[in-house]
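# A look at the structure
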Amino acid sequence: MQPTRAPESTLIGAGTQISSSPGDNLFPAISGDNIVWYDNDSASIQLYEIPSGNLSTISTTTSIPLDLPHELAIDGMNVVWTGGDPRTGGVAVYLYDIASGRLQPVTNGSGLPGYPGVSEEFVVWIDGDELGDLYLYEIASGNSTQVTDDPYEQILADVSGGTFVWADNETEGGDLDIAVASLNESGVRLLGDAGDDSYPDLSSDGNRLAWINANENRTAVYLYDLSTENITQVTGESAQPDAVAVDGDHVVYSDWRNGNLDIYLYNISTGVETPITEDPYAQSLPDISEGVVVWMGNNTGQWEIYMWEVPGGL
């Protein structure tokens, strides 16, 4: 499959830079009016409020975030990250409430938690031995539940509403597939093609799921509609995506097809793909919420966070 490419006249510039600290700014995530990222100069999580432009630090010296991708997520007023407490040497998943300013651990500091995801109701993460299992924390009650308990590998969790997804190698060939589970259904659906399927991302309404398939030397973005159960291959033969996010009617991904990472936007309704960036610099790890795209780019010689709003016609 090859998506329709937008006309050259719609090519976009490099977006608006919203970070400016002395070090690298990495791993952005967005929900509504709020953007979060990791600042490696201060080893902290930064919160940027789009309407006001206010920037604040929400992590503390006892919740120092890991300097790794896929360890930070946001949904609504909830932010989660994996961090360490120097006093104990332990690692925990932390939950920050933007509205109240409350910060709390949702794990007890033991084990090796990571890959957290968050919704308005739940936090999910992977914990355990080198294979890991999926855990669920209900924010309202404070109760935690172990969702999986098997000899297979589970990584890279996400959640939206009552739907949970992760990458799982419980397959006949032992490759990774995308596992989908729900509070309202029993059992787990496994989605995927030949090769490894990983990096799942759920839309904020829980209606769509995107991921990356890696088969030999090729990678592709796939999209799953949870209501119709239809699977679509989004990118064509020339694409080389390495990260993906979905929200509303759009999928965004970073892609190596031009020899360096650029950001692309795919309109689900029209099937049209539009480059957001096409330049000599690297842009990676995009996220999208309500028509606003964020990513990390090294246009200035260090990594900064950029923001761009999808025009009405795309």
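Above: the structure in question.
The present account deals with the structure reproduced in this document. (Residues numbered from 1 in each chain as written. Predicted model: local features only at pLDDT ≥ 70, side-chain atom pairs only at ≥ 80, totals over all residues. Heavy atoms only, no water.)

## Concerning the overall build of the protein
What the protein contains, in helices and strands, is zero helices and 30 strands. Considered along the principal axes of its C-alpha atoms, the protein spans approximately 55 × 50 × 30 Å. Burial status across the protein gives 54% buried among its 314 residues. The long-range fraction of contacts in the protein, counting pairs at least 24 apart against all pairs at least 6 apart in sequence, stands at 35%. (Helix = DSSP H or I, 4+ residues; strand = E, 2+ residues; numbered from the N terminus. Buried < 20%, exposed > 50% of the residue type's maximum accessible area, 1.4 Å probe, protein only. Contact = heavy atoms within 4.5 Å.)

## Brief notes about unusual backbone geometry
With a phi close to 50°, Ala 43 is a non-glycine residue in the positive phi region. Secondary-structure assignment places Ala 43 in the loop between β4 (34-39) and β5 (44-49). We note that Leu 285 has phi near 50°; this positive angle belongs to a residue other than glycine. With respect to the helices and strands, the residue Leu 285 is situated in strand β28 (residues 283-289).

## Notes on the sheet that holds strand β15 (residues 143-146)
Taken together, the four strands give an open sheet; going across it, the order is β12-β13-β14-β15, and neighbouring strands pair in antiparallel fashion. For this open sheet the edge positions go to β12 (114-118) and β15, each flanked by a neighbour on one side alone. Adjacent strand axes in the sheet meet at a mean angle of 20° when their direction is disregarded. In the sheet, strand β14 (residues 133-138) pairs with β15 via four bridges, with the strands oriented antiparallel. Along β15, the bridge assignment pairs Leu 136 with Thr 145. (Pairing = 2+ DSSP bridges. Axes fitted to C-alpha atoms, helices over the stretch in contact; angles between N-to-C directions.)

## Notes on the nonpolar core
Residues Ile 18, Ile 35, Val 36, Ile 45, Ile 58, Val 79 and Trp 81 are the most contacted members of the largest nonpolar core, which totals 28 residues. In this structure, Val 36 is in contact with Phe 27, Pro 28, Ala 29, Ile 45, Gln 46, Leu 47, Ile 58, Leu 72, Ile 74 and Val 79, ignoring residues within four places of it in sequence. (Core = buried A, V, L, I, M, F, W, Y, C linked by side-chain atoms within 4.5 Å.)

## So, the side chain of Asp 175
Tracing the backbone shows Asp 175 in the loop between β17 (163-168) and β18 (177-182). Residue contacts for Asp 175: discarding those within four places in its chain leaves Asp 168, Asn 169, Asp 193, Ala 194, Gly 195 and Asp 196.

## Regarding the side chain of Asp 225
Along the chain, the position of Asp 225 falls in strand β22 (residues 218-225). The side chain of Asp 225 is buried and forms no salt bridge, while Arg 208, the nearest opposite charge, is found at 4.3 Å. Of note is the side chain of Asp 225, whose polar atom sits 2.5 Å from the side chain of Ser 227. Residues in contact with Asp 225, not counting those within four places in the same chain, are Asn 207, Arg 208 and Asn 230. (Lys, Arg positive; Asp, Glu negative; His and termini not counted. Salt bridge = Lys/Arg side-chain N within 4 Å of Asp/Glu carboxyl O. Polar contact = N/O pair within 3.5 Å; in protein donor to acceptor, adjacent residues only side chain to side chain.)

## Looking at the sheet that holds β28
If you trace the four strands from one edge of the open sheet to the other, you get β2-β30-β29-β28, paired in antiparallel fashion. Whereas interior strands pair on both sides, the edge strands pair on one side only; in this sheet they are β2 (16-17) and β28. Across six bridges, the pairing between strand β29 (residues 292-297) and strand β30 (residues 304-309) is antiparallel. Of the residues in β30, the one forming a bridge with Val 293 is Trp 308.

## A few points about the pairing of strand β25 (residues 250-255)
Of all the six residues making up β25, six are buried; the element is thus mostly covered by neighbouring parts of the structure. In β25, alternate side chains face the same way, and those of His 250, Val 252 and Ser 254 on one face and Val 251, Tyr 253 and Asp 255 on the other are all buried. Judged from the six bridges that link them, strand β24 (residues 241-247) and β25 form a sheet pairing that is antiparallel. Considered in β25, the bridge of Val 244 is made with Tyr 253. Hairpin connection from β24 to β25: two residues lie between these consecutive antiparallel strands, with Gly 248 at a positive phi of about 60°. In this structure, β25 lies alongside strand β26 (residues 262-267), joined through six bridges in antiparallel fashion. Across the sheet, residue Ser 254 finds its bridge partner in β26, namely Ile 263. Counting the residues that bridge the hairpin from β25 to β26 gives six residues, and of these Gly 259 lies at a positive phi of roughly 95°.

## Here we look at the pattern of salt bridges
Scanning all chains against the criterion turns up six salt bridges. Linking Glu 185 and Arg 189 is a salt bridge whose minimum nitrogen-to-oxygen distance equals 3.8 Å. Since its relative accessible area comes to 24%, Arg 189 is described here as partly exposed. Taking the shortest distance from any N to any O, the salt bridge between Arg 208 and Asp 249 comes out at 3.8 Å. One end of the pair, Arg 208, is in strand β21 (residues 208-215); the other, Asp 249, is in the loop between β24 and β25, with 41 residues separating them in the sequence. Taking the relative accessible area as the measure of exposure, Arg 208 reaches 21% and is therefore partly exposed.

## Some details on the environment of Leu 190
With respect to the helices and strands, the residue Leu 190 is situated in strand β19 (residues 189-191). C-alpha of Leu 190 to C-alpha of Arg 257: the two residues are 67 residues apart in sequence and 29 Å apart in space. Every residue in contact with Leu 190, bar those within four places of it in the chain, is listed here: Asp 168, Glu 170, Thr 171, Asp 177, Ile 178 and Ala 179.

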